[in-house]
Amino acid sequence: MMHQSIEIDEKIFQDAVKFYGTVFNLPPLASKIYSYLLFDYEKVGITFDEFVEVLSASKSSVSTSISLLLNAQLIIDHNKMDERKRYFFINDEYKKIRFEKIVQKMKDELKLLDDLNNFKKNHDDEYNERIEAYKALLYKNIENIQESLNKL
């Protein structure tokens, strides 16, 4: 029986599983793998076999969940020089990727709102004011996020 290579707090782990399962829309096992990796503060990397054992899951379901997390860019993997084993890590770039996607969605929505407005025949001032206020909110958020992204 192998031991865990990292120490985890059960309550924080359960909270993380619930939170990231919802935020990233992950199936339970993928959320557990992601949450488990959050405790790898020293960046030692977690092996496939450790996930199978610690999470008491089948190899095929661990494999499926790891593929999902790799495709979503939530985790990354590395092989150490002299070993065949793959080690998995949280993708630290993901925070940046996540907010870049949010900014892109807001920009897409702004374009759509402009297209709709240009197509519209009648001009309702109250409606236009609300749309302009909403667009201002989007612009402000894009600006704030991009400013903070530059610091990441």
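Preceding this paragraph is the structure being described.
Everything quoted here is computed from the prediction, not taken from an experiment.

What counts as what
- Counting from 1, residues in each chain are numbered in the order their sequence is written.
- Totals for whole chains, interfaces and linings use every residue, but because this is a predicted model, local features are given only for residues with pLDDT of at least 70 and side-chain atom pairs only at 80 or more, for both listing and counting.
- Excluded from the side-chain calculation are hydrogens and water; included are all heavy atoms of the structure.
- Secondary structure follows DSSP: runs of H or I at least 4 residues long count as helices, runs of E at least 2 residues long count as strands, and numbering of each begins at the N terminus.
- Expected helix span is taken as 1.5 Å per residue step, with the number of steps being one fewer than the number of residues.
- Three labels apply to residues, based on accessible area from a 1.4 Å probe with only protein chains included: buried if under 20% of the type maximum, exposed if over 50%, partly exposed otherwise in between.
- For helices, the fitted line uses only the C-alpha atoms of the stretch in contact; every axis is such a line through C-alpha atoms, and the angle between N-to-C directions lies from 0 to 180 degrees.
- Roughly parallel here means an angle under 35 degrees, roughly antiparallel means over 145, roughly perpendicular means 65 to 115, and every remaining angle is called oblique.
- Crossings are sorted by hand: turned counterclockwise from the far helix by less than a right angle, the near helix makes the crossing left-handed, and turned clockwise it makes it right-handed.
- Note on contacts: a residue pair qualifies if any of its non-hydrogen atoms lie within 4.5 Å across the two residues.
- Charged means Asp, Glu, Lys or Arg here, nonpolar means Ala, Val, Leu, Ile, Met, Phe, Trp, Tyr, Cys or Pro, and polar covers whatever is left, Gly included.
- Note on pairing: two strands pair once DSSP finds at least 2 bridges between them.

## Considering helix α6 (residues 125-149)
Next, step 1: Across its 25 residues, α6 extends 36 Å between first and last C-alpha, which sits within 8% of the 36 Å expected from 1.5 Å per residue.
Next, step 2: Looking only at α6, the buried set comprises Asn 128, Ile 131, Lys 135, Leu 138, Ile 142, Ile 145 and Leu 149.

## A look at the packing of helix α1 (residues 10-23) against helix α2 (residues 28-38)
Next, step 1: Direction vectors running N to C along α1 and α2 enclose 125 degrees, while the axes themselves pass 8 Å from each other. Of the possible angle classes, the one that applies to α1 and α2 is oblique. As α1 packs across α2, the resulting crossing turns out to be right-handed. Where α1 abuts α2, its residues Phe 13, Ala 16, Val 17, Tyr 20 and Gly 21 lie against Pro 28, Ser 31, Lys 32, Tyr 34, Ser 35, Tyr 36 and Leu 38.
Next, step 2: By residue class, the composition of the contact of α1 with α2 is 8 nonpolar, 3 polar and 1 charged.

## A look at the sheet that holds strand β1 (residues 46-47)
Next, step 1: Taken in spatial order, the 3 strands line up as β1-β3-β2 in an open sheet, and their pairing is antiparallel. Strands with a single pairing partner mark the edges of an open sheet, and in this sheet they are β1 and β2 (75-79).
Next, step 2: Where β1 lies against strand β3 (residues 86-90), 2 bridges are found, and the strand directions are antiparallel. Across the sheet, Ile 46 pairs through a bridge with Phe 88, a residue of β3.
Next, step 3: Packed onto the sheet, α2 meets β1, β2 and β3 and runs at close to 80 degrees relative to β3.
Next, step 4: Against the sheet, helix α4 (residues 59-71) touches β2 and β3, its axis set at about 110 degrees to β2.

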